[in-house]
Amino acid sequence: MTLPALVFTGVPPVMANATGTTTLLPGYLASVWGSRDLIRAPHGMTLLAVIALGALGGSLGASLLLLTSNDAFSAIVPWLLLFATGLFALGPRIHRALSTRFSHRHSLPGRLSVLAVSIYGGYFAGGMGIVMLAAFRLLGVDDLNLANALKNLLSAVLTVIAVTVYAIGGAIAWGEVLPMAIAASIGGMAGAKIGRRLPPAVLRAGIVAVGALTTVVFFVD
């Protein structure tokens, strides 16, 4: 929601995307700290390799964003939102499919997918969590809690690098960062409590509905 909120207030699309990602960085760092005891290297890799792939992908994705014009990004955004919403809606099916078809033997596709999702995350963060969980499934991480901890680590690493690239490229609207970061922190704490009380199906349906509505607005605009 950070991207459309910023765009609708007049921030150029590329800057809105970079700024929205920046406001989420404190949350990613907090998530890593909160799940630090669960972080384990996936099969056939080291944590250093995960961090290196995240840093490389984040820098490539962020650099690609800076090379994208506002007009081109405006044309791409609806499709990115559609992709992210679709990923979230199909997330459980994706995980079930991976659980039955893949195992830890697929370490090379898993590593490539970690790099690919890091590039995607550096360019556009929407929906990257689902793709990350799928990537770690390819690496044989069956425990969802462990996969989620790795997701937190990879998200933080690539976002730190991406935000650094955005800052160097002058793509961040710093005046909007602080209030949005504070609001995101408050919303995250409140949302966590509300989310636990809602049935998962209802919560997922609500998020998909918001994503679908936002996607339609961007396609029509």
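We now turn to the structure provided with this report. (Residues numbered from 1 in each chain as written. Predicted model: local features only at pLDDT ≥ 70, side-chain atom pairs only at ≥ 80, totals over all residues. Heavy atoms only, no water.)

1. Brief notes about the packing of aromatic side chains
Argument step 1. Scanning the model with the defined rule gives 4 aromatic pairs in all.
Argument step 2. With a centroid separation of 5.8 Å and an interplanar angle of 70°, the aromatic rings of Phe-73 and Tyr-123 are classed as edge-to-face. Of this pair, Phe-73 sits in helix 4 (residues 70-101) while Tyr-123 is found in helix 5 (residues 107-123), placing the two residues 50 residues apart along the sequence.
Argument step 3. Residue Phe-73 is classed as buried on the basis of its relative accessible area, which comes to 0%.
Argument step 4. Judged by relative accessible area, Tyr-123 falls into the buried class, the value being 10%.
Argument step 5. An angle of 75° between the planes, with centres 6.3 Å apart, marks the rings of Tyr-120 and Phe-124 as edge-to-face. This pair shows no difference in class: Tyr-120 is buried, exactly as Phe-124 is.
Argument step 6. In textbook terms, an aromatic cluster arises when at least three aromatic residues are bridged by ring pairs, as seen for Phe-83, Tyr-120 and Phe-124.
Argument step 7. Just above the ring of Trp-33 sits the side chain of Arg-36; from NZ or CZ to the centre is 3.8 Å. (Phe/Tyr/Trp six-rings, centres within 6.5 Å; stacked < 30°, edge-to-face > 60°. Helix = DSSP H or I, 4+ residues; strand = E, 2+ residues; numbered from the N terminus. Buried < 20%, exposed > 50% of the residue type's maximum accessible area, 1.4 Å probe, protein only. Lys NZ or Arg CZ within 6 Å of the ring centre and 35° of its normal.)

2. Comments concerning the environment of Ile-161
Argument step 1. If you trace the backbone, Ile-161 turns up in helix 7 (residues 144-168).
Argument step 2. Ile-161 sits in the partly exposed class, given a relative accessible area of 27%.
Argument step 3. Separated by 100 residues in sequence, Ile-161 and Gly-61 place their C-alpha atoms 9.9 Å apart.
Argument step 4. If near-sequence neighbours (up to four positions away) are discounted, Ile-161 is found in contact with Ala-55, Gly-58 and Ser-59. (Contact = heavy atoms within 4.5 Å.)

3. Observations concerning helix 7
Because the α-helix completes a turn every 3.6 residues, residues three or four places apart line up on one side.
Argument step 1. The terminal C-alpha atoms of helix 7, which comprises 25 residues, lie 36 Å apart, in line with the 36 Å expected from a rise of 1.5 Å per residue.
Argument step 2. Gly-170 occupies a position one or two residues after helix 7 and carries a positive phi of about 65°. (Expected span 1.5 Å × (residues − 1).)

4. Comments concerning a nonpolar patch on the surface
Argument step 1. A cluster of nonpolar side chains, namely Trp-79, Leu-82, Val-216, Phe-219 and Val-220, defines an oily patch on the protein surface of about 530 Å² accessible area.
Argument step 2. Only helix 4 and helix 9 (200-220) provide two or more residues apiece to the nonpolar patch.
Argument step 3. Among the elements that take part in the nonpolar patch, helix 9 stands out by supplying 3 residues, more than any other.
Argument step 4. With respect to the helices and strands, Val-216 occurs in helix 9.
Argument step 5. With relative accessibility at 48%, the residue Val-216 sits in the partly exposed group. (Patch = residues over 30% accessible without salt bridge, like charges linked within 9 Å, V, L, I, M, F, W, Y side chains within 5 Å. Areas by Shrake-Rupley, 256 points an atom, 1.4 Å probe, with all protein chains shown as cover. Salt bridge = Lys/Arg side-chain N within 4 Å of Asp/Glu carboxyl O.)

5. Some words on the side chain of Thr-19
Argument step 1. Considering the arrangement of structural elements, one finds Thr-19 in helix 2 (residues 13-34).
Argument step 2. Exposure remark for Thr-19: the relative accessible area of 0% places this residue in the buried category.
Argument step 3. Filtering out sequence-adjacent residues up to four positions away, Thr-19 remains in contact with Leu-6, Ala-171, Ile-172, Ala-173, Glu-176 and Val-177.

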